[in-house]
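This is what each chain is made of:
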Amino acid sequence: MMKNLIYKVSPIPLEENKIKLNEALFHNANGYIGVRYDFEEGYPEGSDFLPSQYINSFYDIFDTHQAENLFGLIRKREIILNIANTQGITLILDDEIFSMFEGEVLESSLELDMQKGITTRKVKWRSPKGKAIELKITRMASFFQLPLFTIEYEINCLNFSGKLDIISTHDGDVFNYHDPHDPRNASEKMKLLIPVLCEVMEGFTFITSKTTASDLTVCSCVGHHLSQDCEHEHMIKDHKAKFLLETEAVQGKPFKLIKYAVFCDSLRHENCRKQAFLEMEKARSHSLDYLYQQQVKYLSAFWDHSWVEIEGDDQADLALKYNVYQLIQSVGKDRFSNISPKGLSGDGYEGHYFWDTEMYIQPFFTITQPEISKSLISYRYNSLPKARENAQIMGHSKGVLYPWRTITGKECSGYFPAGSAQYHINGAIAHSIISYYFAVKDQSWLINEGLEVIFETARLWLETGNFHQGRFLINTVTGPDEYTCIVNNNFYTNAIAQYHLQWAAKWYRLFQDNGDFQKLIRKIKLTEEEIDAFEQAAEKMYLPYDETLDINPQDDSFLQKKRWEIDSIPPEKFPLLLNYHPLFIYRHQICKQVDTILAHYILEDLCSTTTIRNSYAYYEKISTHDSSLSKSIFCIMAARLSMVSKAWKYFMDVVHLDLKNLCKNTKDGIHTANMAGSYLALVYGFAGFRMKEEGLFFEPCVPEQWKGYQFCIAYRDSRIHVEVNHTECVFKLKQGSKKELTIYGKTYTLEDMLKVELQEIKETVLEDCESLR
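Let us look at the structure shown here. (Residues numbered from 1 in each chain as written. Predicted model: local features only at pLDDT ≥ 70, side-chain atom pairs only at ≥ 80, totals over all residues. Heavy atoms only, no water.)

## Focus on the sheet that holds strand E27 (residues 708–715)
- The strand order across the open sheet formed by 5 strands is E20-E27-E28-E29-E32, and the pairing between neighbours is antiparallel. Each edge of the open sheet carries a strand with a single partner, namely strand E20 (308–311) and strand E32 (753–757). Ignoring strand direction, the axes of neighbouring strands in this sheet form an average angle of 15°.
- In this structure, strand E28 (residues 718–725) lies alongside strand E29 (residues 728–735), joined through 6 bridges in antiparallel fashion. Residue pairing in the sheet places His721 in a bridge with Lys732 of E29. (Pairing = 2+ DSSP bridges. Helix = DSSP H or I, 4+ residues; strand = E, 2+ residues; numbered from the N terminus. Axes fitted to C-alpha atoms, helices over the stretch in contact; angles between N-to-C directions.)

## A closer look at empty space enclosed by the protein
- A complete count under the given rule lists 4 cavities of 30 Å³ or more for this structure.
- One number sums up the size of the largest cavity: a volume of about 40 Å³.
- Looking at the largest cavity, the residues that line it are Asn390, Met394, Leu401, Tyr402, Pro403, Trp404, Glu411, Gly419, Ser420, Gln422, Tyr423 and Ile425. (1 Å grid on protein atoms, 1.4 Å probe; cavity = no way out; pocket = protein on both sides within 12 Å on 5 of 7 lines; lining within 4 Å. Points joined across faces, edges and corners; volume = space filled by probe spheres on them.)

## Some details on the packing of helix H6 (residues 370–382) against helix H9 (residues 443–464)
- It is at 9 Å that the axes of H6 and H9 come closest, and there the two elements cross at 55°. When the interaxial angle is binned, H6 and H9 end up oblique. In terms of crossing hand, the pair formed by H6 and H9 is left-handed. Residues Lys374, Ile377, Ser378 and Tyr381 of H6 pack against Trp445, Asn448, Glu449, Glu452 and Val453 of H9.
- In the contact of H6 with H9, the residues fall into 4 nonpolar, 2 polar and 3 charged. (Parallel < 35°, antiparallel > 145°, perpendicular 65-115°, else oblique. Left-handed = near helix turned anticlockwise from the far one by under 90°. Contact = heavy atoms within 4.5 Å. Nonpolar A, V, L, I, M, F, W, Y, C, P; charged D, E, K, R; others polar.)

## Quick look at the sheet that holds strand E18 (residues 240–249)
- Taken in spatial order, the 5 strands line up as E8-E7-E13-E18-E17 in an open sheet, and their pairing is antiparallel. The sheet terminates laterally at strand E8 (96–97) and strand E17 (231–237), the two strands that pair on one side only.
- Pairing of strand E7 (residues 89–93) with E8, which is carried by 2 bridges, proceeds in the antiparallel orientation. Following the sheet pairing, Ile92 is matched in E8 by Ile97.

Here it is, written out as C-alpha cells:
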C-alpha cells in the first residue's frame, strides 16, 4: 500500500526567501514542461519575483565574452528559456483585489500529492472590508499529455454574495532569471524570447515567440472552462492576452475556473502553432477528472516500479519519496532532452546537462525504469556528431569528447579548468552504457547504438594519454573535484578510463561474428590495431598509490600540496568558490567533492578494502562538500565500510538537502543529482546493492535509528522487491524468471520469495573501522 506521499507546508510563509524556496519545492513538471509555483495573483509591486516556466531543451544562444581571445575557448553559450507566463489569475471581490499580502490570511496551506501528481494551495482569506473567501487552487503538469499544464481555481464566498471579477492572463513578455553574485546562475538580465504574434482563435489565446539566435519557435495556447455561464471577453495588448469574466457570486456556492495551457516548440514539431491547437483540442476533449485519473494511473505504475520506504523515520521516508518523485518530474522523455541539475524547477546552471545524469541519476532509472535510462543514452548517441566536433576543437584527430555542460551537444563551459578539462565525462557515459547492458542485456541495442559511443569515446583516451616508461599516463585533466584542476594522472579519471578501455576491447572481441557489428566497425573505421592499443593502455594504466599512507592519491601532485584544515576556515567563507581565488584553492589539499572515493564506489574491486578504508579516512578530513554531489557517495562508502552510524548521518543531510534548504540555494532550483544520490545511498549504500557482470550482489545493513527499509529493482526480465530489517532481508520475485543473488558472498536462488538472516558484521571489521567513527 502506497503511503506517506504528501508533502505539505502550513501556513504558507510569506517571507521573500521562503516564497522563492517554495516556488522550487512545489513546482509542477513532467520532463517536458516545468512551472515554478508562483502565486497566481502575483506579488506586491516592487517585489523581486520572476514567474518562470520552461520547456526541457528549448534554448537560445548568447555571446559569452573571454578576457583573452585564445583558440578553442567558447564564444557562445546555450541557455534554457523562460517561456510565456500562463499562471496569472487576478481575483476581484467587488472592488477589492485578493492578495496574500493584504487583508488577513486566516488559514493557508500548500500541498504536493505525489500519488495524484498535483499541487494544491488552500487559502481562507478576509479582505480589508471583511469579505471572507475560501480558495482551492490545484495545478498539474500532465504525464498523460506532456504539453499540458492545468490550473483548477475554485472560489467559495463564505459570508457574502456579490460581484466577482477574474482576469486570467497569458503573457509573452518574459525575461530569464539572473544573479550576478552567483557563478552558478546567469550573470545578466536577458530577453532572449521575442513574441511575434498574440492572437485569439476559437476562444483560445495563442502567443508565438521566436528565439534571438537559435532560430527556434514556441507557441503557447491558453483556454478556459467555467463552472457557470457568465460574461467574458478577451483583450490583447502588447503581446499579453487577458481573459476577463464577470459573474455574481453566491454565498456558499463555489465558482470554478479551469485554465488549460499547452506548449509546443519547433524542436519537436514542424508547425508548433498548429500543434498547440491540436494539443488544446485534445486536452479539452477530456474532462479534468479524466486527466486527473490518467495522472494517477501513470504515477501508480511509476511507484510500482520505484517504491522506496524507510520504516521508523517518517520524515526521512517522506523526504526520500519526495526526491524520487522529483526525478520523474525532471527527466526528459524524448531524444531531444536529458535532465539538468535543477530539473525544470529553476534557471540554475542555465538548464545545461552535465555528467550528473550518467553518474548519479541514470543508475536510478537503470534499475527502476530502464526504458528512461535507454532514452538518456540515446540523447548522447544523437549528439555524437557535436561531440566529435568538440574533440576536434580540443585538438584531437580521432574519437569524441562530450561537452562538460551543454543543451544541444555544444560545449557551454566558460571556465575550462573546471569544465572542459573534465574528460572523465566520457568515462561516465561509457559506465552508464555498461551498467544499462548489465541490467537489460539487450545485445541488439548495444550493437546498433551503445557500442558506437563506447568505441568513439574510448578512442579519446588514446588521444589524450601516452605511454611513458612502461606506463600509460593521462596528463593535464581535471577529475570530479573542482577544487583541484588541471592535474596529471587523476586517479578517478585513470581508473574509469581503464574500465572503459577494458570493456571496449572485450565487446570488440565478443561480437566479431555478428554481421551488424561488422557494419558498425566499417562505419567508424575501427581497426584491430586500435583495439590492441586499448588493451595495452588498460593493462599499463597508471593508478597513483602511496605505499606509506596506503591510499590512492587524487593525482600526482596532490600529496605535495599544503593541507588546508577545514576547521580553520570561517563558516561564512563556504562555499570556497564564492570567497577565494581559484588558484589559491588549487594550491591546497582540499576537496569540493568526492573524487578518489567515487572511483572506489563504482570500481570497488580495483583496490583492497584496506586501501579504500585508508583513502576514505584521508579524504573525509579535507572534503568541504561544497558540491551537492559529495555526501551521498561518502554515505555509500561509509556503509560499504561498515560505518553504519556515520553513513546514517551523511544520509540525513543528503535526503533533506532541498526540503531543509541545507545549501541555501534551493530557491534557484532543486538538486536532482543529490536527490538521485539519496536513492543510491539507500540502495547501494545501506542495502549494499551492486550490479556487476556476474549478477546481483547485496550486503544489507540497517541504521539503529530505523526499523528497516524496502525498495524495488528491475533486472533483465524480473522485478524484485527487497525488504530489510535488523534481523533479516526478504526478496520477493514480483515478475519474471528466477534469479541468482549473492548476499554477503553466498549465492542463493530467488524463485518466489527468499528470506536470509542478516550476517553479523565481523568484530575484526568493526575494530578496523573504529578509528574512523
